[in-house]
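The residues making up each chain are set out below.
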Amino acid sequence: MRTLSASRDRYFGPKPEHINSYQDLVDYLNRLNTDWVSAMQRVSPTLLLELLETTGQQYHTYLTTLDPEAPAVFPVAWAGEEVSSNWFHIAREYTEKWHHQQQIRLVLGQEAALFEPSLYLPYLETSMRALPYHYRNQPGESGEVIRFTVPEVAGEWWLHYTGEKWELITSMQTLPATEVLIPQTIAWRIFSKNIPAEAAEKQVQISGNQKLGRHFLHMLAVMA
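No experiment lies behind these values; they were computed from the predicted model shown. (Residues numbered from 1 in each chain as written. Predicted model: local features only at pLDDT ≥ 70, side-chain atom pairs only at ≥ 80, totals over all residues. Heavy atoms only, no water.)

### What to know about the side chain of His99
- Looking at the secondary structure, you find His99 in helix 4 (residues 86–108).
- His99 sits in the buried class, given a relative accessible area of 4%.
- Ignoring anything within four residues of it in the chain, the contact list for His99 reads Tyr123, Trp188, Ser192 and Val222. (Helix = DSSP H or I, 4+ residues; strand = E, 2+ residues; numbered from the N terminus. Buried < 20%, exposed > 50% of the residue type's maximum accessible area, 1.4 Å probe, protein only. Contact = heavy atoms within 4.5 Å.)

Quick look at the structure:
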């Protein structure tokens, strides 16, 4: 409801104060979430489902009206962007829907349905766009390559150091200096801050530069 109000109706409510850093923004969003949780405790599960059905359809309809290349109302800050295109904003919204549903499924032991590649790959493709920003302060050798693989869905992502910065690329002929093999059950939990890095490390296989590989364990694709 808040997203429809802000994006479609351009109604933002009270203006947040003292947003001078990424952490300030995270703190503000956490306060918003706490407000919603507190308020919705007064609403029955039946009414919540009805609200999701009506607002969900309105939001879907609204998204179809957007020019994919036009600037989005909100940037994808976890990828380091100050201005994002609508296509990335919409993809980010998909990851939010995906991982919140998977959090519920994890508790219920029903995660398998969302690991269907047609559903999981879009989540991974979007989340992996945080890699260059996440590695921005990690030094590398010019031409160095890190390969990230989620084998169950045949997903591969390559991070290439140009000598000045890390770039995400779709393929590479150079042998990677570091390889990170991530089980599908762990990747989304890393990105959504759902598992401690120490626990994830026990299930992620890293070969080559261990420091560069372990840095992946702290990557986020949510505002947290």
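### What about the environment of Gln41?
- Residue placement: Gln41 occurs in the loop between helix 2 (22–40) and helix 3 (45–63).
- Gln41 gets classed as exposed once you look at its relative accessible area, which sits at 65%.
- It is 42 Å that separates the C-alpha atoms of Gln41 and Asn137, two residues lying 96 residues apart in sequence.

### Observations concerning the pattern of salt bridges
- As enumerated under the stated definition, the model contains 3 salt bridges in all.
- Between Arg8 and Asp9 there is a salt bridge whose closest N-O contact spans 2.8 Å.
- The exposure class assigned to Arg8 is partly exposed, which follows from its relative accessible area of 36%.
- According to the relative accessible area criterion, Asp9 is partly exposed, its value standing at 42%.
- The residue Arg147 makes a salt bridge to Glu179 at a minimum N-O spacing of 2.4 Å. Within this pair, whereas Arg147 is found in strand 1 (residues 145–150), its partner Glu179 is found in strand 4 (residues 178–181), the two being separated by 32 residues in sequence.
- For Glu179, a relative accessible area of 28% corresponds to the partly exposed category. (Salt bridge = Lys/Arg side-chain N within 4 Å of Asp/Glu carboxyl O.)

### Some points on helix 7 (residues 184–191)
- Burial runs high along helix 7: 6 of the 8 residues are buried.
- Those residues of helix 7 that fall on the buried side of the exposure criterion are Gln184, Ile186, Ala187, Trp188, Ile190 and Phe191.
- Contacts made by the buried residues of helix 7 are with helix 4, helix 5 (117–127), strand 1 and helix 8 (197–201).

### Regarding the nonpolar core
- Phe148, Ile182, Ile190, Phe191 and Phe216 are the most contacted members of the largest nonpolar core, which totals 39 residues.
- Going through the elements one at a time, helix 4, helix 5, strand 1, strand 2 (155–161), helix 7 and helix 8 are the ones with two or more residues in this core.
- Element by element, the count of residues in this core is highest for helix 7, at 5 residues.
- In contact with Phe148, other than residues within four places in its own chain, are Met128, Leu131, Tyr135, Gly155, Glu156, Trp157, Leu159, Val180, Ile182 and Phe216.
- In this structure, Tyr59, Tyr62, Leu63 and Leu66 belong to the second largest nonpolar core, which totals 5 residues. (Core = buried A, V, L, I, M, F, W, Y, C linked by side-chain atoms within 4.5 Å.)

### A short note on the packing of aromatic side chains
- Applying the stated criterion across every chain, the model contains 16 aromatic pairs.
- Pairing Trp98 with Tyr123 gives two aromatic rings, centres 4.5 Å apart and planes at 25°, and the pair type is stacked. Here Trp98, found in helix 4, pairs with Tyr123, found in helix 5; they are 25 residues apart in sequence, far enough to count as distant.
- Residue classification places Trp98 among the buried residues on the basis of a relative accessible area of 4%.
- Taken together through their ring pairs, the aromatic side chains of Trp98, Phe115, Tyr120, Tyr123, Tyr135, Phe148, Tyr161, Trp166, Trp188, Phe191 and Phe216 make up a single cluster.
- Positioned above the aromatic ring of Tyr133 is the side chain of Arg136, whose terminal nitrogen or guanidinium carbon lies 3.8 Å from the ring centre. (Phe/Tyr/Trp six-rings, centres within 6.5 Å; stacked < 30°, edge-to-face > 60°. Lys NZ or Arg CZ within 6 Å of the ring centre and 35° of its normal.)

### Side note on the sheet that holds strand 3 (residues 166–169)
- One open sheet accounts for 5 strands, arranged 3-2-1-4-5; its pairing is mixed. Each end of this open sheet is capped by a strand with a single partner; those strands are strand 3 and strand 5 (205–208). Here the average twist between neighbouring strands, direction ignored, is 15°. (Pairing = 2+ DSSP bridges. Axes fitted to C-alpha atoms, helices over the stretch in contact; angles between N-to-C directions.)

### Details of a nonpolar patch on the surface
- Together, Ile104, Val107 and Leu108 give the surface a local cluster of nonpolar side chains, amounting to about 340 Å² of exposed area.
- For Val107, the position within the fold is in helix 4. (Patch = residues over 30% accessible without salt bridge, like charges linked within 9 Å, V, L, I, M, F, W, Y side chains within 5 Å. Areas by Shrake-Rupley, 256 points an atom, 1.4 Å probe, with all protein chains shown as cover.)

### Observations regarding the pairing of strand 2
- Among the 7 residues in strand 2, 6 count as buried, and that is most of the element.
- Note: strand 1 against strand 2, 6 bridges, orientation antiparallel. Following the sheet pairing, Arg147 is matched in strand 2 by Trp158.
- Relative to strand 3, strand 2 is paired through 4 bridges, and the arrangement is antiparallel. Residue Trp158 lies in a different strand from strand 3, and its bridge partner there is Ile169.
- With antiparallel pairing between neighbouring strands as the criterion, strand 2 and strand 3 make up a hairpin whose turn holds 4 residues, including Gly163 at a positive phi of roughly 105°.

Any functional reading would require information beyond the geometric quantities listed.
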